[in-house]
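# A structural walkthrough
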Amino acid sequence: MMKSSNSPLYLLPCLLMLLLLPVPSLSADPDSLQDFCVADLNASISINGFPCIPASKVSASDFFFDLSKEGITNTSNLNFSVTPANVLSFPAVNTLGISMNRVDYGPGGLNPPHSHPRATEMGLVVKGRILVGFVTTSNVYYSKVLTRGEIFVIPSGLVHFQKNVGKGKGIVFTSFNSHMPGVVILSTTLFGSQPPMPNEVLTQAFQVDDAVVNSIKSKFGS
């Protein structure tokens, strides 16, 4: 006796086919379609990323970048410096879904609360005692003081910071699963945007008066 075509068993091959189909990449950037695509930062056309320079014009030096130099940390009261190796400074990472930063800290240096809208971050402490903290979308705060050889991970888009709590200098190398992770620094975004965010929004959001908002804005040039 033949089984009815309505039997759930006839759905199994279809379900298996769906399970075996390639799943979208879990990286923040799309998968590359060629070996490399060294970015043409001066191209006149604008796309989501950068067009490639011709392979015939690519040289070995395009694939190497120097992060050995110490950054200057005393240019602001934050006492830290970021040396990026993203697509803008290291065009070879274009379309590869990866980039790095070198972050130098003077004593007490702070990489202020910020987020990366397009990437998860992983960091390695090379020198110093670094307090690393982030806040989840449930408003839960996680933190730990890390020393040389320890690593951390910050999920994509979450607000986080790093602060040197040691007596000497600090160095952290960070990596991202995007060639251009982007950065949103909370303080400068809210109080230093151009044109300025309306005071009525900030006073209501932070439950303070105009004088407080104007005082903070004056520190960020807004």
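The coordinates are above.
All values reported here derive from a predicted model rather than from experimental measurement.

Calculation criteria
Residues numbered from 1 in each chain as written. Predicted model: local features only at pLDDT ≥ 70, side-chain atom pairs only at ≥ 80, totals over all residues. Heavy atoms only, no water. Pairing = 2+ DSSP bridges. Helix = DSSP H or I, 4+ residues; strand = E, 2+ residues; numbered from the N terminus. Axes fitted to C-alpha atoms, helices over the stretch in contact; angles between N-to-C directions. Phe/Tyr/Trp six-rings, centres within 6.5 Å; stacked < 30°, edge-to-face > 60°. Buried < 20%, exposed > 50% of the residue type's maximum accessible area, 1.4 Å probe, protein only. Disulfide = S-S within 2.5 Å.

With antiparallel pairing, the five strands of this open sheet are ordered in space as β1-β2-β9-β4-β7. Across the chains shown, the open sheet's two edge strands, defined by having one partner strand only, are β1 (80-85) and β7 (151-154). Along the sheet, successive strands turn relative to each other by an average axial angle of 20 degrees, direction set aside.

What follows deals with the packing of aromatic side chains. Under the definition given, this model contains six aromatic pairs. Aromatic side chains Phe191 and Phe206 sit 5.7 Å apart centroid to centroid with 40 degrees between the ring planes, which places their arrangement in the tilted category. Placement of Phe191 in helix α2 (residues 186-191) and of Phe206 in helix α3 (residues 199-206) is noted, with a sequence separation of 15 residues between them. For Phe191, a relative accessible area of 8% corresponds to the buried category.

This part takes up the sheet that holds strand β6 (residues 141-146). Taken in spatial order, the five strands of this open sheet run β6-β5-β8-β3-β10, and their pairing is antiparallel. The open sheet has two edge strands, β6 and β10 (184-185), and neither has a second partner. Pairing geometry for strand β3 (residues 110-115) and strand β8 (residues 159-164), over three bridges, is antiparallel. Paired with Leu110 across the strands is Lys163, a residue of β8.

Turning next to the pairing of β7. Only one face of β7 is covered, namely the face carrying Phe152 and Ile154; the face carrying Ile151 and Val153 is uncovered. As judged from the four bridges shared by strand β4 (residues 121-127) and β7, these two strands associate in the antiparallel manner. Bridge pairing links Leu124 to Ile151 in β7.

The next subject is unusual backbone geometry. Backbone torsion omega between Gln194 and Pro195 reads -5 degrees, so that peptide bond is classified as cis. Relative to the helices and strands, Pro195 resides in the loop between α2 and α3. A positive phi is found at Thr95, a non-glycine position, where the angle reads about 70 degrees. The residue Asn139 is not glycine, and still its phi comes out positive at about 65 degrees.

One face of the sheet, then the other: side chains in a regular strand alternate in exactly this way. Here β4 runs beside strand β9 (residues 170-176); their pairing, made up of six bridges, is antiparallel. Within β9, the position partnered with Val125 by the bridge is Val172.

Enumeration according to the criterion identifies one disulfide in this entry. Through a disulfide, Cys37 is tied to Cys52; the S-S separation comes to 1.9 Å. Across the S-S bond of Cys37 and Cys52 the torsion is about -105 degrees, and the bridge reads as left-handed. In this pair, Cys37 sits in the loop between α1 (12-20) and β1 while Cys52 sits in the loop between α1 and β1, placing the two residues 15 residues apart along the sequence. Cys37 sits in the buried class, given a relative accessible area of 3%. Its relative accessible area of 38% is what places Cys52 among the partly exposed residues.

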